[in-house]
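# Chains, contacts and geometry: an overview
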Amino acid sequence: MKRYLPFLIVTVVAVMTVAGATVLYRAKRPTLSVVAKDRSPENPDAMHTLGPADAAVTIDEFGDFQCPPCGMLSEPLNQLAHDFPKLRIIFRNFPLVMHQHANEAALAAEAAGLQGHFWQMHDLLYREQVIWSKATDARGLFYAYASMIKCNVNRFKKDMASEQVGARIRTDQKEGSKLGVINTPTIFINNAAVPPASLNPKDLRAAVEEAMKGSKPTGKK
């Protein structure tokens with residue numbers, strides 16, 4: 001027994017070290033910064049939200065407007081917001097370099113948001129994704145979309161090119177990178193990451209229903 005004692009001690013110390021590191025990681029793991037109010041000229045640092053500030057469950061999505069899987073989840077997420085009055089959805093921009101027009105599309109959504117039309121542009125970009133993704137002049141289409149949703153197009157063009165709008169996208173990307181976001185869509189439900197295999201309408205609905213059971217409000221007033 002004495003012959004194996006040093007090895008036993010080393011093994012126990014190693015296990016304790018790993019366990020301690022795991023606890024420390026969980027304690028220090030960053031959480032999503034959530035602001036209840038929607039972005040607007042009066043609230044430029046807020047997030048884009050659907051649903052009540054005192055929601056029982058919050059879905060946080062990091063999305064790319066040119067990402068096909070994001071587009072496929074757009075309407076199901078809207079349906080969840082409709083079906084669950086105590087659900088809040090927050091959208092954060094995470095345009096991927098691999099998508100040629102993704103950053104421009106994010107700029108378009110943010111510029112529309114400054115005129116109170118973020119979610120209209122959000123839905124339109126996903127609905128028309130197949131068209132503008134393949135266009136030579138995607139920006140021209142974005143201007144047309146802005147007109148369709150009753151934005152002041154001249155102001156929209158200036159805002160798309162502004163540092164303010166660009167900074168908003170970089171802020172979202174920084175938040176995502178801090179949380180380890182690499183791909184889109186990346187979705188958190190009450191700060192818990194949803195596994196990629198569960199990023200489908202059926203599993204997301206089941207996850208929301210489960211989170212609703214006994215959940216305390218996650219929002220801030």
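Below, the structure is looked at part by part.

Before going further, it helps to examine the state of the cysteines. In this structure the tally under the stated criterion is zero disulfides. Cys67 takes part in no disulfide bond, and the closest cysteine sulfur, belonging to Cys70, lies 3.1 Å away.

With that settled, consider the pairing of strand β2 (residues 57-63). Within a regular strand, the side chains alternate between the two sheet faces. Counting buried residues along β2, seven of its seven residues qualify, which places the element largely inside the surrounding structure. Residues Val57, Ile59, Glu61 and Gly63 point to one face of β2 and Thr58, Asp60 and Phe62 to the other, with burial holding for every one of them. Bridge count for β2 against strand β3 (residues 87-93) is seven bridges, and the pairing is parallel. Within the sheet, the bridge partner assigned to Phe62 lies in β3 and is Arg92. Handedness of the β-α-β unit built from β2, helix α2 (residues 68-83) and β3 comes out right-handed.

Enumeration over the complete set of coordinates arrives at nine aromatic pairs. Ring centres of Phe142 and Tyr145 lie 6.3 Å apart, and the angle between their planes is 50°; this geometry places the pair in the tilted category. Here Phe142 and its partner Tyr145 are both found in helix α6 (residues 138-148), three residues apart, which amounts to about one turn of the helix. Under the relative-accessibility criterion, Phe142 is labelled buried at 0%. Relative to Phe156, the ring of Tyr143 lies with its centre 6.2 Å away and its plane at 90°, an arrangement referred to as edge-to-face. With Tyr143 in helix α6 and Phe156 in helix α7 (residues 153-160), the pair connects residues that are 13 residues apart, well separated along the chain. Here Tyr143 falls in the partly exposed class, since its relative accessible area comes to 22%. The exposure class of Phe156 is buried, given its relative accessible area of 0%. The ring of Tyr143 carries Lys157 above its face, with NZ or CZ at 4.9 Å from the centroid.

The rules we used
- Residues numbered from 1 in each chain as written.
- Predicted model: local features only at pLDDT ≥ 70, side-chain atom pairs only at ≥ 80, totals over all residues.
- Heavy atoms only, no water.
- Disulfide = S-S within 2.5 Å.
- Buried < 20%, exposed > 50% of the residue type's maximum accessible area, 1.4 Å probe, protein only.
- Helix = DSSP H or I, 4+ residues; strand = E, 2+ residues; numbered from the N terminus.
- Pairing = 2+ DSSP bridges.
- Right-handed = clockwise from strand over helix to strand, strands pointing away.
- Phe/Tyr/Trp six-rings, centres within 6.5 Å; stacked < 30°, edge-to-face > 60°.
- Lys NZ or Arg CZ within 6 Å of the ring centre and 35° of its normal.

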